[in-house]
Amino acid sequence: MMRVDVLTLFPAAFAGPLDVSIVKRAREDGLLEIRVHDIREHATDRHRSVDDYPFGGGQGMVMRVDVLDAALQHVQAQEEQRGYVIFLSPQGERLTDALVRELAIHPRLVLVCGRYEGVDERFVEHCVDREISIGDYILTGGELPAMVLIDAVARHIPGALGDEVSPEEESFVDGLLEHPQYTRPAEYRGWTVPDVLLSGHHANIEKWKKEARLQRTRERRPDLLPPGD
Ligand code: 4HQ
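None of the values given here were measured: they were computed from a predicted structure.

## With respect to the overall build of the protein
No. 1: When helices and strands are counted, the protein shows six helices and nine strands.
No. 2: Here the C-alpha coordinates of the protein stretch approximately 70 × 40 × 35 Å along the principal axes.
No. 3: For the protein, buried positions account for 38% of its 229 residues.
No. 4: Partitioning the contacts of the protein with sequence separation of at least 6, the portion at a separation of at least 24 is 77%.
No. 5: Of the roughly 13900 Å² of accessible surface on the protein, a fraction of 50% belongs to carbon and sulfur atoms.
No. 6: Within the protein, the 40 negative side-chain charges are centred at a point lying 4 Å from the centre of the 27 positive side-chain charges.

## Some thoughts on the packing of aromatic side chains
No. 1: Under the counting rule described, the total for this entry stands at one aromatic pair.
No. 2: When the centroid spacing of 5.5 Å and the interplanar angle of 70 degrees are considered together, the rings of Tyr-188 and Trp-191 count as edge-to-face.
No. 3: Looking at Tyr-188, the relative accessible area reads 46%, which means it is partly exposed.

## Notes on the sheet that holds strand β5 (residues 84–94)
No. 1: On the basis of which strands lie adjacent, the open sheet formed by five strands has the order β2-β1-β6-β5-β7 and parallel pairing. Every interior strand has two partners, whereas the edge strands, β2 (32–38) and β7 (130–133), have only one. Sheet twist, expressed as the average angle between the axes of neighbouring strands with direction ignored, equals 30 degrees.
No. 2: Bridge analysis of β5 against strand β6 (residues 108–113) gives five bridges, and the strand direction is parallel. Following the sheet pairing, Leu-88 is matched in β6 by Cys-113.
No. 3: Contacts from helix α2 (residues 65–76) reach β1 (2–8), β2, β5 and β6 within the one sheet, and its direction differs from that of β6 by about 160 degrees.
No. 4: In the packing of helix α5 (residues 143–154) onto the sheet, contacts are made with β1, β2, β5, β6 and β7, and the angle to β6 comes to roughly 160 degrees.

## What to know about the site of the ligand
No. 1: Taken together, 16 residues form the shell around the ligand, and within it Ser-89, Ile-134, Gly-135, Tyr-137 and Leu-139 come nearest.
No. 2: Separating an oxygen atom of the ligand from a backbone N or O atom of Ser-89 is a distance of 3.4 Å.
No. 3: Interatomic distance of 3.0 Å between a backbone N/O atom of Ile-134 and a nitrogen atom of the ligand.
No. 4: Isolated, the ligand exposes 360 Å² of accessible area, and the fraction of that covered by the protein chains is 96%.
No. 5: Looking at the shell around the ligand, the elements that each hand over two or more residues are β5 and β7.
No. 6: Sorting elements by how many residues they give to the shell around the ligand places β5 first, with three residues.
No. 7: Across the shell around the ligand, the residue classes break down as nine nonpolar, six polar and one charged.

About the criteria used
Residues numbered from 1 in each chain as written. Predicted model: local features only at pLDDT ≥ 70, side-chain atom pairs only at ≥ 80, totals over all residues. Heavy atoms only, no water. Helix = DSSP H or I, 4+ residues; strand = E, 2+ residues; numbered from the N terminus. Buried < 20%, exposed > 50% of the residue type's maximum accessible area, 1.4 Å probe, protein only. Contact = heavy atoms within 4.5 Å. Areas by Shrake-Rupley, 256 points an atom, 1.4 Å probe, with all protein chains shown as cover. Lys, Arg positive; Asp, Glu negative; His and termini not counted. Charge placed at Lys NZ, Arg CZ, Asp CG, Glu CD. Phe/Tyr/Trp six-rings, centres within 6.5 Å; stacked < 30°, edge-to-face > 60°. Pairing = 2+ DSSP bridges. Axes fitted to C-alpha atoms, helices over the stretch in contact; angles between N-to-C directions. Near = heavy atom within 4 Å. Polar contact = N/O pair within 3.5 Å; in protein donor to acceptor, adjacent residues only side chain to side chain. Nonpolar A, V, L, I, M, F, W, Y, C, P; charged D, E, K, R; others polar.

Next comes the structure, spelled out in structure tokens:
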């Protein structure tokens, strides 16, 4: 069983994506427990402020270290294990297949979602185990990145994918993109399927798949191939 706690100012953002498909089934099957917590419940002043102006000036607002720390401590005290604390931010290390697999080993993750211009760096320094980015673009908050991370990690929980599929059989395990796929009808509006796939010649089919994957990777993602290949 894996447990994921999410700290956010927008708990409502988490309804939907985690309630369908594989993640839904993993939760129903007791393989994954997700709890979403509202950071604002830990504000202490009468305006329930969670952010303030940046010291030294600059644009926008910064999330307060005291409010974030109170929210985190509250959530961590709910279980024996404190959990591996992740802050989603464009300043973090990139989320890759290798990192997803590493995170999937942890029995408990605590994901902290920032809004505004960011969070007080003292929170990151003293409370966060890992700062992770899902890519080089700026979003309005860490909620979508947290859901991306949960979705990617959930697929690696033993039993979550069902019997048919294994995450080991998929792209990135051997560092290549997938080959194109086709299904019936074999011809549609004159658009045909590669003959070899209909030939029943298994050795030729496997050769075609491997070559198609290499060609695709060379054309679209040469950065995935070893240098000078
Ligand atoms: N944000 N990967 C700004 C991201 C992001 C990303 C999260 C927006 C943090 C303060 N997080 N907030 N890209 O764009 O993880």
